[in-house]
Amino acid sequence: MSRSAHPAGPRHADVLPEGHYSAPPADLNVLDPKVWAQTVTRDEDGVATVGGIPVTRLAEEFGTPAYFLDEADFRARARAWRTAFGTGADVFYAGKAFLSRAVVRWLHEEGLNVDVCSGGELTTALSAGMPAERIAFHGNNKSVDEITRAIEAGVGHIVLDSFQEIARVAHIAQSLGTRQKVLIRITVGVEAHTHEFIATAHEDQKFGIPLAGGQAAEAVRRALQLDGLEVVGIHSHIGSQIFDMSGFEVAAHRVVGLLKDIRDEHGVELPEIDLGGGLGIAYTSDDDPREPHEIAKALTEIVSRECEAARLRTPRISVEPGRAIVGPTAFTLYEVGTIKPLDGLRTYVSVDGGMSDNIRTALYDAEYSVALVSRTSDAEPMLARVVGKHCESGDIVVRDAFLPADLAPGDLIAVPATGAYCRSMASNYNHLLRPPVVSVRDGEARVIVRRETEEDLLRLDVG
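Everything numeric here is computed off the predicted structure, so don't read it as measured data.

1. Describing the nonpolar core
With 108 residues, the main nonpolar core has Phe-74, Tyr-93, Phe-98, Ile-158, Ile-184, Ile-234 and Ile-413 as its most contacted residues. Among residues more than four places away in sequence, those in contact with Ile-184 are Leu-160, Ile-209, Ala-219, Val-220, Ala-223, Val-231, Gly-233, Ile-234 and His-235. Counting residues in each nonpolar core, the second largest holds 24 residues, with Val-50, Val-55, Ala-66 and Val-373 among its members.

Right, dumping it as structure tokens:
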């Protein structure tokens, strides 16, 4: 299987044939630094720690399930992206991956911008002190209220996603007596090697305006004529969890081709190009993601080469890492509840969370790692499927992994690389309560998003 793409696994009810899964690791107690947050290690008693705090103590204080986020790791990754692209480019953190006011403050302090895609994300970013001019507003169906709030706040960019939105944003901006800087999002016809539901640059999907058939050129033509808009660039995003840079090369070639056509028709060289995000992270030891400096070098060279060939000035580049920053920085801690061996198949390990705190396995066939973290074990490895407590056969957290055969109820296990999309996509299915997000740094832990309570559920239920 190619590791350049997000892997698509078997259907939930399928039984894996012998030999389909990988061999167990040589030592189940090793926590692979490629997959785990930077400060995660084991103490002298074999208990996993993060930020110097044992997970057993974290479980006692904050309960399970819970997301534990390594703040030092998050800041280091944000800083690495900012450093890699330098002052000649902009790095927008994709807030949809995970957004909270604490995260926004960290981003502000580390010199990153934020992109948002809803009024709620916009409110969160502004309330945490992110300057409005460092916010970009995405979305394929922004409401009139959301657009109005964004323009009134002074957001730096609005990314236009349709012909209707071009007219809508222009009208609202003009009625407010301003000109709004905008990017036009196009679909370049690149088939990204990723899961169907997270590929975003092929033409048969909801995002952007197709380059094919002249639609993108017509969108630019219309936007340039409207007084309420200042068209500053083109936006392209080809998908998510991508390891192969070839898709970006094709996308850049086609985007620069559009910039050339715009110059030739309108005499305007747009000053910005946003290549989106979507770079993958390591969910398992087999994944091999690129480092920010490698990505920056590759993207910069691609755009510069294409612009030189088209005799265009090189525009300012923007990128939008979200998962690549926050994904590896967190893990989800669970308590084992029941263990159900199925002879000749596998052992089902049920935990106190499930698809309500991580829907990605059910939704995208996502692969994850898992480890026993409350102790070490010398027991033989057993093929396990980690499942949740929901009334749903597809309630799978880790489809196939090896755990020690002496695993017992009450043990703590953890799933790494859950910083992106897990809390953002969490639900109250079966009326489970969404877990807290706890930031850990230098021996101190604090809640940055509190655990829901049953009172929260009843408060919304007006009877």
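2. So, unusual backbone geometry
The omega torsion of the bond from Thr-64 to Pro-65 falls at -10°, within 30 degrees of zero and hence cis. Here Pro-65 lies in the loop between helix H1 (55–62) and strand S4 (66–70). The residue Tyr-421 is not glycine, and still its phi comes out positive at about 75°. Structurally, Tyr-421 is set in the loop between strand S19 (412–416) and strand S20 (437–441). Look at Tyr-421 and you get buried, because its relative accessible area is 13%. For Asn-430, which is not glycine, the phi dihedral falls at a positive 60°. Assignment of secondary structure puts Asn-430 in the loop between S19 and S20.

3. Some points on the packing of helix H7 (residues 215–224) against helix H8 (residues 246–266)
Contact pair H7 / H8: the axes reach a minimum separation of 11 Å and the direction vectors enclose 45°. Judged on the interaxial angle alone, H8 and H7 are oblique. Crossing angle aside, the handedness with which H7 passes H8 is right-handed. For the pair H7 and H8, contact is made by Ala-216, Ala-217, Val-220, Arg-221 and Leu-224 and by Leu-258, Ile-262, Glu-265 and His-266, respectively. Tallied by class, the residues present in the contact of H7 with H8 amount to 6 nonpolar, 1 polar and 2 charged.

4. Here's the deal with helix H2 (residues 71–85)
When the terminal C-alpha atoms of H2 are compared, their 22 Å separation across 15 residues agrees well with the 21 Å that a helix rising 1.5 Å per residue should span. Looking at H2, one finds that the buried residues are Glu-71, Asp-73, Phe-74, Arg-75, Arg-77, Ala-78, Trp-81, Arg-82 and Phe-85. Of the residues flanking the start of H2, the one acting as N-cap is Asp-70, its side-chain oxygen 3.2 Å from the backbone nitrogen of Ala-72. Two residues or fewer past H2, Gly-86 is found with a positive phi of approximately 70°.

5. Brief notes about the pairing of strand S9 (residues 180–187)
Most of S9 is tucked away: 7 of the 8 residues are buried. Bridge count for strand S8 (residues 157–160) against S9 is 3 bridges, and the pairing is parallel. What sits directly across from Val-159, in S9, is Leu-183. For the crossover that starts at S8, traverses helix H6 (residues 163–175) and ends in the parallel S9, the hand is right-handed. The pairing of S9 with strand S11 (residues 229–235) spans 6 bridges and is classified as parallel. Its bridge partner lying in S11, Leu-183 is registered against Gly-233. Across 2 bridges, S9 lies against strand S10 (residues 209–210) in parallel orientation. From the neighbouring strand, Thr-187 faces S10, where its bridge partner is Pro-210.

What counts as what
Residues numbered from 1 in each chain as written. Predicted model: local features only at pLDDT ≥ 70, side-chain atom pairs only at ≥ 80, totals over all residues. Heavy atoms only, no water. Core = buried A, V, L, I, M, F, W, Y, C linked by side-chain atoms within 4.5 Å. Buried < 20%, exposed > 50% of the residue type's maximum accessible area, 1.4 Å probe, protein only. Contact = heavy atoms within 4.5 Å. Helix = DSSP H or I, 4+ residues; strand = E, 2+ residues; numbered from the N terminus. Axes fitted to C-alpha atoms, helices over the stretch in contact; angles between N-to-C directions. Parallel < 35°, antiparallel > 145°, perpendicular 65-115°, else oblique. Left-handed = near helix turned anticlockwise from the far one by under 90°. Nonpolar A, V, L, I, M, F, W, Y, C, P; charged D, E, K, R; others polar. Expected span 1.5 Å × (residues − 1). Polar contact = N/O pair within 3.5 Å; in protein donor to acceptor, adjacent residues only side chain to side chain. Pairing = 2+ DSSP bridges. Right-handed = clockwise from strand over helix to strand, strands pointing away.

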